[in-house]
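# Residue-level structure breakdown
The lines below spell out each chain.
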Amino acid sequence: MSLIETKQITKIYKLGEIELTAISDVSIKVEKGEFVAIMGPSGSGKTTFMNIIGCLDKPTNGKYLLDGIDVETLNRDELAELRNKKIGFVFQNFNLLPRTTALENVELPMLYNRTPAKERKTKALNALKMLGLEGKEKYYPNQLSGGQQQRIAIARALVNGAPILLADEPTGNLDTKTSTEIMEIFTRLNEESGITIFLVTHEPDIANYSKRIIRFLDGRIISDERRSNG
Amino acid sequence: MVDINSTLKISLRALKVNKMRSILTMLGIIIGVGAVITMVAIGSGASERISEQISSIGSNLLIILPGATTSGGVRLGAGTQSTLTLDDAEAIQKECPSVSDVAPVLNGITQVVYGNQNWSTTVVGTTPSMLNVRDWNLSSGKPFTEQDVKSATKVCLLGQTVVDNLFGDLDTTNQIIRIKKIPFTVIGVLERKGQSPVGQDQDDTIYVPITTAQKKLFGTHIPGMVRNIMVKANSIEDLQKAEEQITALLKQRHHISQKQENDFTIRNLTQMMEAQEQSSRVMTLLLGAIASVSLIVGGIGIMNIMLVSVTERTREIGVRMAVGAKMWDIRLQFLIESITLSLIGGIIGIIIGISTSKLLSYFVGLPVIISIYSIFIAFAFSGLVGIFFGFYPAYKASLLNPIDALRYE
């Protein structure tokens, strides 16, 4: 059983009278421990695809199995629970809560699976430490650099032990040096912790960190190549 | 279960971020709760004053007045005829089962003298049961007895106002005062009773045995005549029955046929006063209801601000949903925020309501009664306002689509 399997999924948005096909007939299989980059120009459907993989959206047609679970059958709250357990998100603009300390930002996912306060703190501190943010736990996002903020976001994505990390242009707002740092973190997480990573990017340099590149164009997969060297 | 502690922390922080806005929003609730408490305090103060006055004239009272005289075709007012006698009073006491006490009254305003002081007051000739009828106790001394009435002794009980004017701080025991130049021994002093419902000073009076009043002070056209008879019924439910029994008895005693007009009138003081109390209670309710409107307006203010807050924090909601917040997590977050707003507003409102009531009673002299009940209701009501007006914004937030919310600018 694959960790992620989509069977001919299609997503159609309705804007009034107009129907817009964002993706059509997308079928992929991703095994545990893969590092996948999704590439394509804007409007090619890669973000829609990521939203579906991230259980933020449901396909109009087709089947999506996440760890063997048919996402189609789940309601809003069950989807939320699934996201909480299985998926960590990293966004281009970090999406940290303002006026909330680094520690509390990292604790956030554990707030929603009723982890006891003490355990929450220990786990969050560990996650921050793992990402080299020791001593920054009391800082607010706006007191930290972009790289540090993105690392908080990664800590938040991983703190619940999610096996899948979805990163949507994670280096889009960062300079080259920081981007490299972040990508090295991803590589490390993938190789050492066996975390499955989906990375949406339009930069070939960034995509080169991955082991498999899937290219989208006009809502369809046009290529799916595996690379031997990570 | 939802982690209330953390949710509360999140909500409090959100309120702290927009301090000015939170305070202004609370102001609606503060004014609403404050107004409810003040209005209800004033209203119940007024009705309490009325019911105090009612109990000061005595409870379950009936007053029997003689009928009107007709002189040459001109009818005079009730009480101008002298048709009631001591015997009537005794008969009522004996034959009306719903009556507990009867006190005949023969009174008049006259000058009283003690030493070099003098004072004009109402002298009331009556029987010992008067004290029961009026629910009146002595502050010192002892009452006069049936024996005093039988032998028409010259003893008297003084009201506080009379004591103040004739004696000042001096001891009244066994002193002799002169009523219409006749010496009376003071055997007791009545407790202070205050104003009557119509504003009369009830303490400005002297009680003497009725026979003494008849024979020595006022004289009578017919033997045993009294001016009126005060009757106390067994209970408030018995008032009606007592009235019927007395009417029947007096008709028979005065030989009045069914067709003839009665030569007496019975007044039901308690009923009159109760109508007045009732109307003041309605007034209290009305005041409270008007004040509640401002509480509802305050609630709408909360709803307004919560809707703004949800819109402002759309991105935050999206992030929370992405990391696993369920619908109720989001709802609770905003509900707790609105409930916190309204409850803090409620508490401040209670403090302001109480202070305003106290200030009013202190400076304006309004009688106010702050009831725990009204405080509790106002507090609970403000909490409900928070839930009621917070629910729609919270519900709306929980229905946001996480994708749209995450991309909201």
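Calculation notes
Within every chain, residues take consecutive numbers counted from 1 along the sequence as written. By the order in which they are written, chains take letters starting at A while ligands take numbers starting at 1. Since the coordinates come from a predicted model, pLDDT governs what is reported: local features require at least 70, and pairs of side-chain atoms require 80 or more to be given and counted, while whole-chain, interface and lining totals use all residues. Helix numbers and strand numbers start at the N terminus; a helix is a DSSP run of H or I with at least 4 residues, a strand a run of E with at least 2. The globule rule used here is 2.2 Å times the number of residues to the 0.38 power, and the radius of gyration it is set against is calculated over C-alpha atoms. Counting other C-beta atoms within 10 Å of each residue's C-beta, where C-beta atoms are placed from the backbone, gives the exposure class: buried for 20 or more, exposed for 12 or fewer, partly exposed between. Note that contacts rest on C-beta atoms placed from the backbone: two residues are in contact if these are within 7 Å. Only the stretch in contact is used when fitting a helix axis, every axis being a line fitted to C-alpha atoms; angles between N-to-C directions are given from 0 to 180 degrees. Convention used here: angles under 35 degrees read as roughly parallel, angles over 145 as roughly antiparallel, angles from 65 to 115 as roughly perpendicular, and any remaining angle as oblique. By convention, the crossing between two helices is left-handed when the near helix turns anticlockwise from the far helix through less than a right angle, and right-handed when the turn is clockwise. Polar here means any residue other than Ala, Val, Leu, Ile, Met, Phe, Trp, Tyr, Cys and Pro, which are nonpolar, and Asp, Glu, Lys and Arg, which are charged; Gly is therefore polar. Domain extents, as shown, originate in an automatic or database domain assignment. Structurally, a nonpolar core is described as a collection of buried Ala, Val, Leu, Ile, Met, Phe, Trp, Tyr and Cys residues joined by way of C-beta atoms within 7 Å.

## Some words on the overall build of chain A
Within chain A one finds seven helices and 10 strands. Over its C-alpha trace chain A gives a radius of gyration of 17 Å, about what one expects of a compact globule, namely 17 Å for 230 residues. Taken along its principal axes, the extent of the C-alpha atoms in chain A is 50 × 40 × 40 Å. Across the 230 residues in chain A, those meeting the buried criterion constitute 48%. Residue pairs in contact within chain A that sit at least 24 positions apart in sequence constitute 69% of those at least 6 positions apart.

## A look at the overall build of chain B
A count of helices and strands for chain B gives 13 helices and 12 strands. Computed over the C-alpha atoms, the radius of gyration of chain B is 34 Å, more than 25% above the 22 Å expected from 2.2 N^0.38 for a compact globule of 409 residues. Along the longest, intermediate and shortest principal axes, the C-alpha atoms of chain B span 105 × 55 × 40 Å. With 409 residues in all, chain B has 42% of them scored as buried.

## Points about unusual backbone geometry
Most of the time, phi is negative for any residue but glycine, and the peptide bond is trans. All names here are of chain A. Positive phi, normally seen in glycine, also occurs at aspartate 67, with a value near 55 degrees. Mapped onto the elements, aspartate 67 comes out in the loop between strand S4 (61-66) and strand S5 (69-70). With 15 C-beta atoms packed within 10 Å, aspartate 67 lands in the partly exposed category.

## Regarding the packing of helix H11 (residues 327-364) of chain B against helix H12 (residues 372-398) of chain B
Residues and elements named next belong to chain B. Interhelical geometry of H11 versus H12 gives an angle of 150 degrees and a closest axis separation of 7 Å. Comparing the axis directions of H11 and H12 gives the class roughly antiparallel. Here H11 runs over H12; the crossing is right-handed. Its residues assigned to classes, the contact of H11 with H12 comprises 19 nonpolar, 10 polar and one charged.

## Quick notes on the domain arrangement of chain B
Assigned domains within chain B: domain 1 (4-53 + 275-407) and domain 2 (82-262). A C-alpha centroid distance of 56 Å is found between domain 1 of chain B and domain 2 of chain B.

## Points about the nonpolar core
Core analysis: the largest hydrophobic core is formed by 172 residues, its most contacted members being Ile38(A), Val106(A), Ala155(A), Leu165(A), Ile206(B), Ile229(B) and Val231(B). Per element, the largest residue contribution to this core is 16 residues, and it comes from helix H2 (residues 19-57) of chain B. Of the residues that make up this core, three or more belong to each of domain 1 (4-53 + 275-407) and domain 2 (82-262) of chain B. If near-sequence neighbours (up to four positions away) are discounted, Leu165(A) is found in contact with Gly88(A), Val90(A), Ala157(A), Leu158(A), Leu189(A), Ile195(A) and Ile197(A).

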